[in-house]
Amino acid sequence: MLEPSTYQPFEEAHRDKALKLQQSQRWAEAELEWEILATIAPQNADYQNQLKEAKARIAKGVDESLKSAEDARQHGDPQAAIRFYLRALSFDPTNSTAAESLRRIEQDTHRLNLHTRVARMSKDTAAPKSNSASERRDVEFAVLLLRQGDYAGSIKTLDKYLKASPKDELARRYLADAHFQLGQQRLEQERKEDALTQLEAAKGTHEQDAAELKASIDTIRKALAEEYYQKGMKVYRANLDEAIVDWERSVQYDPTHPQAAIRLQRARQMQQNLKAIDSGQQ
Amino acid sequence: MRLRCPGRTVRIAAALVAVGLSACAVPERPTESALVVERSRPAYAPVGGATKKPVRPGQVIARNDRFLIYLPAAGDTFASIANQFLGGEDRGWMITDFNETAEVRPGQPLVVPLQSLNPTGVNPNGYQTIPILCYHRFGSEEGKMVLSPAAFAQQMEYLQRNGYRVLRLSDLYAFLGGTRQLPARAVVLTIDDGYNSMYHQAYPILKRYGFPATVFVYTDFIGARDALTWDQMKEMVASGLIDVQAHSKTHTNLTLRQPGEADNRYRERLGTEAATPQEIIQRKLHVNVSSYAYPYGDANGIMIEQLAKSNYRMALTVDPGGNPFFTPPLLLRRTMILGDQDLETFKAQLQVFKTVDLH
C-alpha cells in the first residue's frame, strides 16, 4: 500500500483529476483515473463505486451513440453518423464497431470524391506528349496547387504556362477545373459575382460537365439579377440614378427578369422627363 | 519463478520477465499471462505485501494489465523507464503524455501505460489528426517548390521547440489500424521526387534534429544530373533516419490514359508503375517498399487496385489536411510546404487535432 503520508499528494492529484474529468463529461479518462486510484487503494469503497459508475456511464454513452449513428445512416445523413460514431469513441476509444463504421464512411466519401474529380479530368483527355522536364514541373506544380486548394495560384501558374504552350489540352483542362473549383469556393463564400466570373472561365473547356456548369451559371445569374433588382427597389424613391444603375446590372445578368426591364424603362423615362424639366427651368 | 527483491517476494509468471523487463522485446500489448499476479492477492499488488512496507524508489508500486505505477529512482529518465517497461526508449512519450509532466522526479510516482489507452485519439473535444508534410526541393533559387535551407531549419527548430514529435511514416500504419496510440502533436515529414538537394541541404538539418523523413523517388529520375544517387540514398538509409519509398516509375499522371489505350494495357501500365519502383528500390537499398506517393497526387480505383496487388500498405495524395485514424491508408492526405510560405503559414499547416464538440 502506498504510504499515505508520502504519496498522498499523488492520490489527491489523481482524485482531483478524476472529479474534474467527470465534471467535463470526459468519462473514458475519468474511468482510467478511478482505476488508478482503485489500484492504489483497493480497500477504498468510494473509488470502487466511482469506477463502477464511470463504467456504467461509458456503456450507456456508447450504446446511445451507436444507436444514434445507425439512425443517422438509415436516414442518409453520413455527417451526423460520423459525429455519433466519434462520440461513441469518445466514451470508449477502442470501440471497434464505431471505428470500422467510420472507416467505411470515409472510404465511401473518398471514392466518390476521387471518381468525381478523375471523371471530370480524364474523359476524352489524353495524357500529353512528353514535355520537357521544366514544362512537366510547371504543370505538376499547378496541379499540386489545385489539389491543395490554392486555386488562384494554380490558375496563375497555368495561365503563364499556356502562354508558352498554348496547345497543351491537358493543361487547359486543369485550368478549367481550377476555375470551376474557385467558382464553387466563391459561391460558398457568398461572393456570387466572383463565382460567376470563375465559372464562366471554366465554361470554354469544361465539356465534361457542360450541362451542370451551364445550369450553375444560369442560377447565379438569376440570383444576381434579383439581388440588383431589389437593391434598385430600395433606393429608387430617394435616388433614381442609383436605381437605374442597379436595374441595368440586373438586366445584364438576366435580360428576362420580368420586372427589372420594365422598371428600368420607366426609370429612364422618368430621368429624361426630369432632365427636360430641369432644362426648361434653366 | 520468483523474482527476489530485498525484503519482498512477488510471484510473477515467467513470461513477465521475458516480456516486461527485456530491453529487446517490444510489446505493444503485454500478454495477459505476462501480467498475471498471484490470484490470492487483490488487483493492486502491494509490493510491501501484508507488512505494508514502504516501496523503494526504482520499484513498481502497483500494476494491472493496463498500467503500472512506478516510483522513480535518482537517475531515472522517461527513456530509461520506457526501456524498462515498454520495450524501448523511444516510447518515453507515452509516459510523458499520460502524466502531463516534462520531468521525472525521484520519489514521485508515475503512471506507466502498458498499452495504447487511446489508440484512436478521440476525446469529447475532438480527435487527433496526423499531418504529413510534403517537401520537394531545397536551395536558394526562386520557385514555389524550392525551400531555402534556412527556412527549413527554422521550421524544424519550431517543431522541436514546441513539442512536436516527428514520426516515421511507417509508424502511421498501426494508428490507422486503431491498434497503436501516437504521441500528441505527431507530425510526419516526406520529400518527393528524389532531388539531390534533399541530400545536400535537408539531410544535414534532419540529422541535426534527429528527425526521420521519407523520400519518395520515381525511379526513371535516378541518374539525372540533379537527382539523388544510389550511394547517397544508401548513406541516408544506413543512418536510420531516412526511408526511401516509391513515387512511380515515370512520374506521369497515372489517372490519364494514353491515346487509344485499352483497359487491359492501361492496367498493365499501372501495374508496372507500382511494381517496378518497388522492385528496384528494394533491390538497391534493401528496404521494404510498402508506401507510395501518387504522382500529381492523383489516384483512381485501378491504381489503388494495382498498389494493393503489389502489397503496398499506404499511399499518399496531396489532398491537404491531417489524417485521423479512419483515413483510408491508400488515400492519405498531405500538406505541401512551399518555398514562399512564412513560419506563420507553416504553423497553420500543423493540424494535429480537429476540434469537434462530442459531448
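(A) Here's a closer look at the overall build of chain A. Looking only at helices and strands, chain A features 12 helices and 0 strands. Starting at the N terminus and ending at the C terminus, chain A contains elements arranged as α-α-α-α-α-α-α-α-α-α-α-α. In chain A, buried positions account for 44% of the 282 residues. Across chain A, the fraction of contacts at a sequence separation of at least 24, relative to all contacts at a separation of at least 6, is 50%.

(B) Main features of helix α2 (residues 78–85) of chain B. Residues and elements named next belong to chain B. Regarding α2, the residues found buried are F78, I81, A82 and F85. In a view along the axis of α2, the buried residues occupy a sector of 100°, so they form one face of it. Of the residues trailing α2, G87 is marked for its positive phi of about 85°.

(C) Seen up close, a nonpolar patch on the surface. Residue and element names in this part refer to chain A. Residues M270, L274 and I277 make up a contiguous nonpolar surface patch of about 280 Å² in total accessible area. Mapped onto the secondary structure, M270 falls in helix α12 (residues 260–281). Taking the relative accessible area as the measure of exposure, M270 reaches 42% and is therefore partly exposed.

(D) Representation of the interface of chain A and chain B. Contacts between chain A and chain B engage 53 residues on the former and 65 residues on the latter. Of the roughly 5,300 Å² buried between chain A and chain B on both sides combined, carbon and sulfur atoms contribute 62%. Seen at the junction of chain A and chain B, the total is 17 residue pairs in polar contact (both at pLDDT 80 or more). Among the elements of the structure, α1 (4–23), α2 (27–40), α4 (78–91), α5 (96–122), α6 (133–147) and α8 (169–188) of chain A are those that each provide at least two residues to the side of chain A that touches chain B. The element best represented in the side of chain A that touches chain B is α5(A), accounting for 11 residues. A breakdown of the residues in the side of chain A that touches chain B according to their chemical character gives 25 nonpolar, 11 polar and 17 charged.

Calculation notes
Residues numbered from 1 in each chain as written. Chains lettered and ligands numbered in written order. Predicted model: local features only at pLDDT ≥ 70, side-chain atom pairs only at ≥ 80, totals over all residues. Heavy atoms only, no water. Helix = DSSP H or I, 4+ residues; strand = E, 2+ residues; numbered from the N terminus. Buried < 20%, exposed > 50% of the residue type's maximum accessible area, 1.4 Å probe, protein only. Contact = heavy atoms within 4.5 Å. Arc of directions from axis to C-beta. Patch = residues over 30% accessible without salt bridge, like charges linked within 9 Å, V, L, I, M, F, W, Y side chains within 5 Å. Areas by Shrake-Rupley, 256 points an atom, 1.4 Å probe, with all protein chains shown as cover. Salt bridge = Lys/Arg side-chain N within 4 Å of Asp/Glu carboxyl O. Buried area = accessible area lost by both parts, 1.4 Å probe. Polar contact = N/O pair within 3.5 Å; in protein donor to acceptor, adjacent residues only side chain to side chain. Nonpolar A, V, L, I, M, F, W, Y, C, P; charged D, E, K, R; others polar.

All quantities given are derived from atomic positions and should not be read as evidence of function.
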